[in-house]
Amino acid sequence: MIEPFDFQHAPAHLIRRAHQIAVALFMEETADFDVTPVQFALLNALLQTPGIDQVTLSSRVAFDPATSGSVVGRLEARGWLRREMDPADKRRRLLWVTPEGEAAVQAMRGAVERVQQRLTAPLSAAQRERFVALLGQLVAGHELVSE
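Residues numbered from 1 in each chain as written. Predicted model: local features only at pLDDT ≥ 70, side-chain atom pairs only at ≥ 80, totals over all residues. Heavy atoms only, no water.

**Brief notes about helix α1 (residues 11-29)**
Next, step 1: In a regular helix each residue adds 1.5 Å, so 19 residues correspond to 27 Å; α1 covers 26 Å between its end C-alpha atoms and thus fits that length.
Next, step 2: Those residues of α1 that sit buried are His13, Leu25, Phe26 and Glu29.
Next, step 3: On its buried face, α1 sits against α2 (37-48) and α5 (99-119). (Helix = DSSP H or I, 4+ residues; strand = E, 2+ residues; numbered from the N terminus. Expected span 1.5 Å × (residues − 1). Buried < 20%, exposed > 50% of the residue type's maximum accessible area, 1.4 Å probe, protein only. Contact = heavy atoms within 4.5 Å.)

**Concerning helix α4 (residues 65-77)**
Note on helix geometry: an α-helix contains 3.6 residues per turn, so any two residues three or four positions apart are oriented the same way.
Next, step 1: With 13 residues, α4 ought to run about 18 Å at 1.5 Å a step, and its terminal C-alpha atoms sit 18 Å apart, in line with that.
Next, step 2: Among the residues of α4, those classed as buried are Ser68, Val71, Val72 and Leu75. Burial along α4 is one-sided: seen end-on, the buried residues are contained in an arc of 105 degrees. Opposite its buried face, α4 presents the exposed residues Ala66 and Ala77, each directed more than 90 degrees away.
Next, step 3: In the core, the buried residues of α4 are packed alongside α2, α3 (54-60), β2 (81-86) and β3 (89-97).
Next, step 4: A positive backbone phi angle near 80 degrees is found at glycine 79, which sits one or two residues after α4. (Arc of directions from axis to C-beta.)

**Let's talk about the layout of surface pockets**
The probe, sized like a water molecule, is rolled over the atoms to show the empty space still left.
Next, step 1: By volume, the largest pocket is sized at about 1,700 Å³.
Next, step 2: Forming the boundary of the largest pocket are 34 residues, of which His19, Ala22, Gln116, Leu119 and Leu135 lie nearest the centre.
Next, step 3: For the lining of the largest pocket, the elements supplying multiple residues, two or more each, are α1, α2, α3, α5 and α6 (125-146).
Next, step 4: With 9 residues, α1 is the single largest residue contributor to the lining of the largest pocket.
Next, step 5: For the lining of the largest pocket, the residue count by class is 24 nonpolar, 6 polar and 4 charged. (1 Å grid on protein atoms, 1.4 Å probe; cavity = no way out; pocket = protein on both sides within 12 Å on 5 of 7 lines; lining within 4 Å. Points joined across faces, edges and corners; volume = space filled by probe spheres on them. Nonpolar A, V, L, I, M, F, W, Y, C, P; charged D, E, K, R; others polar.)

**Observations concerning a nonpolar patch on the surface**
Next, step 1: A cluster of nonpolar side chains, namely Ile15, Phe131, Val132, Leu135 and Leu138, defines an oily patch on the protein surface of about 410 Å² accessible area.
Next, step 2: A total of 4 residues in the nonpolar patch trace back to one element, the largest contributor, which is α6.
Next, step 3: In this fold, isoleucine 15 is placed in helix α1.
Next, step 4: Taking the relative accessible area as the measure of exposure, isoleucine 15 reaches 42% and is therefore partly exposed. (Patch = residues over 30% accessible without salt bridge, like charges linked within 9 Å, V, L, I, M, F, W, Y side chains within 5 Å. Areas by Shrake-Rupley, 256 points an atom, 1.4 Å probe, with all protein chains shown as cover. Salt bridge = Lys/Arg side-chain N within 4 Å of Asp/Glu carboxyl O.)

Rendered as structure tokens:
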């Protein structure tokens, strides 16, 4: 008889479960805003670097550029961002968060902070700090490999 793989202790499985929990908490806390984690991430990235193109924006939040088009379209339809043609390259569209989008992000900030607190609630303050540092190290290490 074959011995089953111990997925309960496998990092990939635990990361997948943590992601499921994080998304569920996000959707619960931000239910009044009808926004997804990716939409929130895109808006925040645009607030940090207004006027970037969609491909660059997608890269900043580690999201597929092809799929980001529909997300950007939904945010534009809500009036939370605007697109303008790049005068230097008519094929590219540059993106900005609108004042309405800025207000929405500001209104969501407390809910998103609660998600982070609830997600890491089982950990002590020192464990939270170490956990975030280790996740950052893991992601950075793999981003270097894929470049």
